[in-house]
Every structure is written in C-alpha cells, then in structure tokens.
Amino acid sequence: MIDTEKTSHKLIGSAFLVDIRSPDAPTERSEEHLAELEKLVETLGITVAGRQTATLRHPKPRLLMGQGKAAEIKDAAENAGAEAIVFDWELSPSQQKNWEKLTGKPVVDRREIILDIFAARATSKEAALQVELARMHHMLPRLANAWTHLSRQKGGAKGTRGEGEKQIEVDRRLARDRIARLRKELRNIGKRRRLGRKKRTRASVTDVAIVGYTNAGKSSLLNALAGSDAKVEDKLFATLDPTTRQTSIMGLNILLTDTVGFVRKLPHSLVETFKSTLEEAALADFVILVLDVSEPYLDEHEEVSISVLHELGVDTSNMITVLNKIDLLDTDARDAALAKRPGAVPVSARSSEGLDALKSMIAERVSGSPPPEVFEIPPQDHDLLELACKTGRVISLQFDDDGKAVMTAVVPWESRNLLAQHRVDKHSTDNIQELQTT
Ligand SMILES: Nc1nc2c(ncn2[C@@H]2O[C@H](COP(=O)(O)OP(=O)(O)OP(=O)(O)O)[C@@H](O)[C@H]2O)c(=O)[nH]1
Ligand SMILES: [Mg+2]
C-alpha cells in the first residue's frame, strides 16, 4: 500500500476529475485520459467522486475556460460531494489560485498527483532526494499563492512591503538554498554511480536497460529473463529505483536494469531530476522497450515512451521492442498486433512464451550476429528453406524419411519471424553453446 503520509494531498478523501479536450480530439481519447487519471488518483488512496470533460478551443488565462463553464464544473464537483478538483491539464500557478478561490477547494493538476505518487513510492535516498528536488521546483512559483492572504490582510502602506511579500522572499531564499543542497547531494551520488559503471565497462559486460510505460511489465520481464524477484504490482510506478541484475544469456554476460516507468505528461521537473537514474537507460548499450500489447492506447504509450527516451538522449536506433502480455490476446488480435509492428518480439513475461526468441535477439545485439537456431520444417513449408539460404547462413540441413527438414541456421530477425513456428523451442542456451563449439 502506498505511504500516503509522504504525500501532500493526504487530507483529500475524494476528488472530481476534469479533462480538457480540444473540439477536434476524439472523445474516446478523453475517456482514456480520465481513466488513467483515475488510476493515478486512486493510487494515492483518493476516491473519485465524478468526472467531466470540458471542450475548449483556446485555453483562457484566468480559469482555462469561461466563467460559465467553470461555474458548471464547480457545481458538478459540489453535487458529487468531492473535496478537491484534479485537472488532467497543466495549471499555471495563477490558474490554480483562481480555481481554488472560485471553488473553495484544493485544486491540483496531474503533475502534482504524479509528484505525490513518486514521493510516496521513493524508498532509496536518491529517489527521495530526486522527488524532493522536483517538488521544490514545482512549488517555487507557487509560494506566492500561499502568502497572498497575508499580503492582503497586512499589506503595508503604499511603497512599503506587506508581511506576506517579505515572507515570500524568505521562503524563496530558503527554497533556493535547499535546491542547491539537493543538487549537490545528487551530483555526488551520480558520481559514485558513474564510477561503478566504469568498472563494469572495463569488465566487458553489456548494459541493457528495460524501459517503457508504467505497468507495461518491465519488472516482470526482468524477473523472467534474470530469474530475479523485483517487485511486480498491478499499480502505477511500482518501480522507482533502477534495479540491476546480472544474467547470462546464451553464454553472454549481461547487466539488465529495470527502470522507472513513463507516463503521459510526466512532469518535466521529474524527468529532469530523474535524469541521473534514467542515465542507466541513456548509457546502456541498448534498450528494450516494453509495450503492453493488451493496452487499447498502445500507440500513444509507445509515442510517449519514445519521446521521453529521446529527451533523455537515448539512441533508439538499435532498440528492441517487446510486445508483452501476448497471453491476453487471441490469435487474430496477436496477428494484427504483430502485423503493425513487424520487428517487435511478442512475449509473455507471465507464461514465458517468446522469451527464447527475445534472448536470441538480445544475444544478436550483444555479439553483433544472430546465434544459430534449430528449425524443423515440414515438406509443405519447404519454401522457407530457400528463404533461410537467401537471407541467412545454413550450418546444417538434414531430411528425415517423411521429408521433414531439420535445419540449423543463423537467420536475421525478419526471416526468423516467418520461421518462428518451426523453431525447436526447447533449444536452450546449452544447445546453442553446443552448436557453436561443434
Ligand atoms: N497477463 C499478463 N500480465 C502481465 C505480464 N507481465 C506483467 N503482467 C502484469 O502487469 C502488471 C504490471 O507488471 P510490472 O512488471 O510491475 O510492470 P512495470 O512495467 O514494472 O510497472 P511499474 O514499475 O509500475 O512502471 C502486474 O500485475 C503483472 O503481473 C504478462 O506477460 N501477461
Ligand atoms: Mg516495475
């Protein structure tokens, strides 16, 4: 269970959710955004009292929307008995203040909710410092809101400054000092991490980072590949600290790192502060992008993940894309998903299906060439033998009495997809090593 003591919205019991949608955006998308916001809010233990979408052509500076629409949302939130309003939209400090004045309730945006989840989930010192830094950045421009009541009550005579204003300056100075100290501490932790990485580079171990949208199954995949027991939960942001496990895939030494998940509109301050943790992804030899194939908004999740990776300076040209949770799809849906992403590897971290193919692909990336595999091809599919000869390297080929071909070959990934159904799946790491030494 999440530690709500560490969140700033621990006093909110129920919230009314508001999504802002442009008139051209599909309504289902708004539904999906609200459903995701609901999951985020519930992660904090806050119940959802109701939700509404406001359609806006141009956001307005004061309340995002006109007075009439704002009053409508205020009434809807009140009728639903909500104690707070959460926007799936970045509110400026002044918009937040205006909404709070209008409704007399706490009004927060999606970024604050995510910051709170991170704050509650942070267990390591580094994660806690990073979250605090992100929060300070978020708070700094909002300090003025907290003290305006003092300014109004005790505002000095013309030309002199009110109590509130002085207090804002003191607070700002304190906040800036704290930010500087946090940065310094994080720099030191980063230095130590880099030293550790240098040692690994010298030991010629390949670094592979597992990245992707939150809840896609990254930790489950780490566990399935490395036989580890990283925390797996049907919750958003179960993982905050990178977990690294050493494993051997087809005789190759690999360090697999599970990283913090991505989400739509990840607060920029969080991406900034988690950069050092996410450096694991940027400095990895390559990354494995995990996509939840059962997710209806898979395309958007993929887009978000890739854009965060680019923001982090990750090279995505040699990335392996994994379509996880394939066990949840029927045959037709599987075919459709694979047709859409022909280079992706379908797997199920839960049932282990497809893991052999993924391991082959990882070995191929690490060693620069695909490993040999064994295929049994019935006579009716013998045209695939030609494909293997043309695109790959056939090491041995034998036919049994029924005309079935038993082929050991190195085939590139594209052809391997076609040959996959004939691969002798039980070929294990040991098999491969045996083949390589004979
Ligand atoms: N059906 C099915 N469920 C899976 C599979 N892989 C993971 N899950 C489930 O998906 C949920 C999330 O899995 P995690 O491995 O925690 O996902 P994650 O990407 O590490 O999530 P965060 O750390 O929260 O970002 C859990 O309930 C898993 O049991 C799979 O292959 N099939
Ligand atoms: Mg995880």
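Cut-offs and rules
Residues numbered from 1 in each chain as written. Chains lettered and ligands numbered in written order. Predicted model: local features only at pLDDT ≥ 70, side-chain atom pairs only at ≥ 80, totals over all residues. Helix = DSSP H or I, 4+ residues; strand = E, 2+ residues; numbered from the N terminus. Buried ≥ 20, exposed ≤ 12 C-beta atoms within 10 Å, placed from the backbone. Contact = placed C-beta atoms within 7 Å. Pairing = 2+ DSSP bridges. Axes fitted to C-alpha atoms, helices over the stretch in contact; angles between N-to-C directions. Parallel < 35°, antiparallel > 145°, perpendicular 65-115°, else oblique. Left-handed = near helix turned anticlockwise from the far one by under 90°.

Draft legend 1. Region of the structure containing the overall build of the protein chain. Helix and strand counts for the protein chain come out as 16 helices and 13 strands. Residue burial in the protein chain is summarised as follows: out of 438 residues, 37% are buried. For the protein chain, the share of sequence-separated contacts (at least 6 apart) that also reach a separation of at least 24 residues comes to 66%.

Draft legend 2. Region of interest: the sheet that holds strand β12 (residues 393-399). Here we have 3 strands laid out as an open sheet, ordered β11-β13-β12, and antiparallel in their pairing. Strands with a single pairing partner mark the edges of an open sheet, and in this sheet they are β11 (373-377) and β12. Strand-to-strand, the axes of this sheet are offset by a mean angle of 20°, without reference to chain direction. Strand direction decides the pairing type here: β12 and strand β13 (residues 405-410), joined by 6 bridges, are antiparallel. Bridge assignment links V394 to a residue of β13, and that residue is A409. The strands that helix α14 (residues 383-391) touches are β11, β12 and β13; relative to β13, the one it contacts most, it runs at about 20°.

Draft legend 3. Region of the structure containing the packing of helix α1 (residues 27-43) against helix α4 (residues 110-121). Where α1 meets α4, the closest approach of the two axes is 9 Å, and the angle between their N-to-C directions is 40°. On the basis of their axis angle, the class for α1 and α4 is oblique. For the crossing formed where α1 meets α4, the hand is left-handed. Between α1, through L37, L40, V41 and T43, and α4, the contact on the second element is made entirely by R110, I113, I114 and I117.

Draft legend 4. Inspection of the sheet that holds strand β8 (residues 286-292) at higher detail. A sheet is described by the order of its strands in space; here 6 strands give the open sequence β6-β7-β5-β8-β9-β10, paired in mixed fashion. Since the sheet does not close on itself, it has two edges, and those belong to β6 (243-249) and β10 (345-346), each with one partner. Looking at chain direction, strand β5 (residues 206-212) and strand β7 (residues 252-258) are connected through 5 bridges and run parallel. Within β7, the residue paired with T206 across the bridge is I254. Strand contacts of helix α13 (residues 355-367): β5, β6, β7, β8, β9 (320-324) and β10, with the helix running at about 110° to β7, the strand carrying the most contacts.

Honestly, that's just the spatial picture; any functional story needs more than this.
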